[in-house]
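# Observations on chain architecture
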Amino acid sequence: MMMRNSSIWGAICWVALAGTAWPQGPAQSGAGAPSQAIQLPLSGRTATQGGSVNSVQTPIPGVTSSVNTLNSSVQVQGPYSGSRSDAKPFSGKLGFREAIDRALEYNLGVSGITDAIRQARGQSKVARSALLPNVSAALRETVQQSDLVASGIRINIPVPGFRFPTVVGPFNYFDLRATLTQTIADLTALNNYRSAGELIKANEAAMRDARDLVVLAAGGVYLQAVAANARIRSAEAQRETAKALLKQVEDRRSVGLVAKIDVNRSQVELQTQEQRLTTLLNDFSKQKINLARLAGLPVTDAYDLTDDVAYSPVPAMSVEQAVQQALGNRADLESAAFQVRSAERARTAARAERLPSLAVSADYGAIGVNPSQSHGTFAVTGTLRIPIWAGGRTEGSIEQAEAALDQRKAEAADVRGRIIADVRNAFLDLQAASQQVEVARNNQGVARDTLGLTRQRYEAGITDSVEVVQAQQAVASGELDYITAVFAHNLAKVSLARALGKAEASVGGLLGLP
């Protein structure tokens, strides 16, 4: 009888202990956890900042002997000025189209946006995970000994021949269990996922815009190098002219027809042309190194440029037509629109924190002293969460989301204005450069005719070498003016291609290249 009572009271202790120390599965506290809106950065431009490409056409201040009063250049900053080092082999000859293609493949401006797209896709997957089933499994082995008195279990029932134990155990059990959680209705999590999807589209559009900037960078720097090479050819021709003039003066000096000062003046002119040629060669080498850096080439100037981009008229197009085309094509405007939509989804997600959400969780497993003495157990829990008061957190989330949305809308409006300004500026640059080309071309012809006549006058003894040197300098200035004007015109075309959008496809046609 005493042994039977002991077994009964032991079972009572076991059951009492099981209520506090022996769960039949994992707790399901996470199934009804409230979702929170994912807040966006205040500005949507942070993903694409860090570099820029701009073409600049500025007036030359003051009065010069040149008819060209415009100074054009392309400014490449940040990652757009560099490239990856794993570029494919290079033949040593570089054309305009190949320079752009290599830059589009290896330039760091494009690589940085690629990483931003990967990050946005990862964030989208994280947001989607709150909507999909989450399944996990766990194996637990527990060895336990419990103090019943410390747990609040005090039984003072007198039983003859039996003393109620105050410590139970040690005992052990194992639990092998699979758990499933599934969100049924959660508008906050759903809109977080949709917001992340819009960010992916925004970054993909930003990638296309970055490619347009790379076209402007590679095309502009290539044209700068072409102009530098043309200046070298002009300087070499001027040097040869100076040599011929010096020989002519020396011959006339040898027979006593001119003074020594004429020989000295001709020697100074030749040395001036030599120094100028050295400077231009140095500038050309630097231009080729810059082009190599952004186009994924070996960092050297030991290669040749195969395309000499000449002057060609601009295809007929009005400013209004160009603006409409740009607003339809520009990827940065598309990216800004997706940024606005993402911010709208984020605001909807914040407002949805006030709404009920529904989730279900379930688990099934085997629990027992050992696998041969185990029994299957399960639990299914549905959770309807009704938010009542979160200490003002929801209102704070809504306010943050609305601030980000207002900023995104302002940035989208600014992008639209910048696109219109880009198109109009490109047209103005084209118009000014086109007029400069015509003036420089006419001035170049006049200067050459004047040099020929002056040399004839000098040979006839009508004038001295001063007038010949001045005429030669006028020819050099006219050639430089023409080269500078053609470069400005071509650079304005590349800028127009970028302003219109889809520059990769249109830049060759605007420049008259195949």
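Scroll up to find the structure.
Note that the structure is a prediction, hence the values are computed from the model and not measured.

This part takes up unusual backbone geometry. In this model, G169 is joined to P170 through a cis peptide bond whose omega is 5 degrees. Phi at K502 is positive, roughly 55 degrees, even though this residue is not glycine. Within the secondary structure, K502 is located in the loop between α9 (465–500) and α10 (503–510). Note on K502: relative accessible area 54%, which makes it exposed.

As for its position among the elements, R498 is in helix α9. Beyond its immediate chain neighbours, meaning those up to four positions away, R498 contacts D209, D212, L213, L216, R330, D332 and A503.

This brings us to helix α8 (residues 393–459). Taking 1.5 Å of rise per residue, the 67 residues of α8 would be expected to cover 99 Å, and the 94 Å separating its terminal C-alpha atoms lies within 8% of that figure. Where α8 ends, the next residue or the one after it, G461, has phi of about 80 degrees, a positive value.

The nonpolar side chains of soluble globular proteins are, as a tendency, buried together. By size, the foremost hydrophobic cluster in this structure holds 51 residues, and its most contacted members are L94, Y222, L291, L305 and V507. Those elements giving two or more residues to this core turn out to be α2 (96–106), α3 (108–129), α4 (187–254), α5 (260–294), α9 and α10. Element by element, the count of residues in this core is highest for α4, at 19 residues. Residue contacts for V507: discarding those within four places in its chain leaves F96, R97, I100, V215, V494 and A497. Counting residues in hydrophobic clusters, the runner-up holds 23 residues, among them L333, I419, A426 and F427.

With antiparallel pairing, four strands are arranged side by side in an open sheet as β4-β5-β7-β8. The sheet terminates laterally at β4 (134–147) and β8 (374–385), the two strands that pair on one side only. Neighbouring strand axes in the sheet, compared pairwise and without regard to direction, differ in orientation by 25 degrees on average. When strand β5 (residues 167–185) meets strand β7 (residues 357–368), the two strands line up antiparallel, connected through 11 bridges. Bridge pairing links F174 to G368 in β7.

Bridge analysis of β7 against β8 gives 12 bridges, and the strand direction is antiparallel. When the sheet's bridge partners are listed, S361 is paired in β8 with T381. Remark: five residues form the turn of the hairpin made by β7 and β8, two consecutive strands paired antiparallel.

By the secondary structure assignment, A404 is in helix α8. Look at A404 and you get buried, because its relative accessible area is 2%. Measuring from C-alpha to C-alpha, the distance between A404 and L42 comes to 4.6 Å, with 362 residues separating the pair along the chain. Not counting residues within four places of it along the chain, the set of residues in contact with A404 comprises L40, P41, L42 and A343.

Packing of α8 against α9 brings their axes to within 7 Å, and their N-to-C directions diverge by 160 degrees. By the angle class used here, α8 and α9 are roughly antiparallel. Here the hand of the crossing between α8 and α9 comes out left-handed. Residues belonging to the contact of α8 with α9 are distributed by class as follows: 22 nonpolar, 11 polar and 10 charged.

A few words now on the packing of aromatic side chains. Scanning the entire structure with this criterion turns up two aromatic pairs. Taking 5.8 Å as the distance between ring centres and 80 degrees as the angle between the ring planes, the aromatic pair formed by F90 and Y303 counts as edge-to-face. Of this pair, F90 sits in the loop between β2 (70–77) and β3 (93–94) while Y303 sits in the loop between α5 and β6 (304–305), and the two are 213 residues apart along the sequence. On the basis of relative accessibility, which here comes to 23%, the residue F90 falls in the partly exposed class. Ring centres 5.5 Å apart and planes at 85 degrees place the aromatic pair F96 and Y222 in the edge-to-face group. Taken together, the residues F96 in helix α2 and Y222 in helix α4 connect sequence positions 126 residues apart. Neither F96 nor Y222 differs from the other in exposure class; each is buried. A cation sits over an aromatic face here: K288 above Y303, 5.3 Å from the ring centre.

Attention now goes to α10. One turn of an α-helix holds 3.6 residues; hence residues three or four places apart share an orientation. A503, V507, G508 and L510 are the residues of α10 that are buried. Down the axis, α10 shows its buried residues gathered within 165 degrees of arc, on one side only. Exposed and oriented more than 90 degrees from the buried face of α10 are A505 and G509. At the exit of α10 stands G512, carrying a positive phi of roughly 75 degrees.

Helix-helix packing: each pair is described by the crossing angle between the helix axes and the interaxial distance. Here α4 crosses α8 at 10 degrees, and the two axes come no closer than 12 Å. By the angle between their axes, α4 is roughly parallel relative to α8. Regarding α4 and α8, the two cross each other, and that crossing is left-handed. Contact residues: T241, A244, Q248, V249 and R252 in α4; L451, R455, Y458 and E459 in α8.

The rules behind these values
Residues numbered from 1 in each chain as written. Predicted model: local features only at pLDDT ≥ 70, side-chain atom pairs only at ≥ 80, totals over all residues. Heavy atoms only, no water. Helix = DSSP H or I, 4+ residues; strand = E, 2+ residues; numbered from the N terminus. Buried < 20%, exposed > 50% of the residue type's maximum accessible area, 1.4 Å probe, protein only. Contact = heavy atoms within 4.5 Å. Expected span 1.5 Å × (residues − 1). Core = buried A, V, L, I, M, F, W, Y, C linked by side-chain atoms within 4.5 Å. Pairing = 2+ DSSP bridges. Axes fitted to C-alpha atoms, helices over the stretch in contact; angles between N-to-C directions. Parallel < 35°, antiparallel > 145°, perpendicular 65-115°, else oblique. Left-handed = near helix turned anticlockwise from the far one by under 90°. Nonpolar A, V, L, I, M, F, W, Y, C, P; charged D, E, K, R; others polar. Phe/Tyr/Trp six-rings, centres within 6.5 Å; stacked < 30°, edge-to-face > 60°. Lys NZ or Arg CZ within 6 Å of the ring centre and 35° of its normal. Arc of directions from axis to C-beta.

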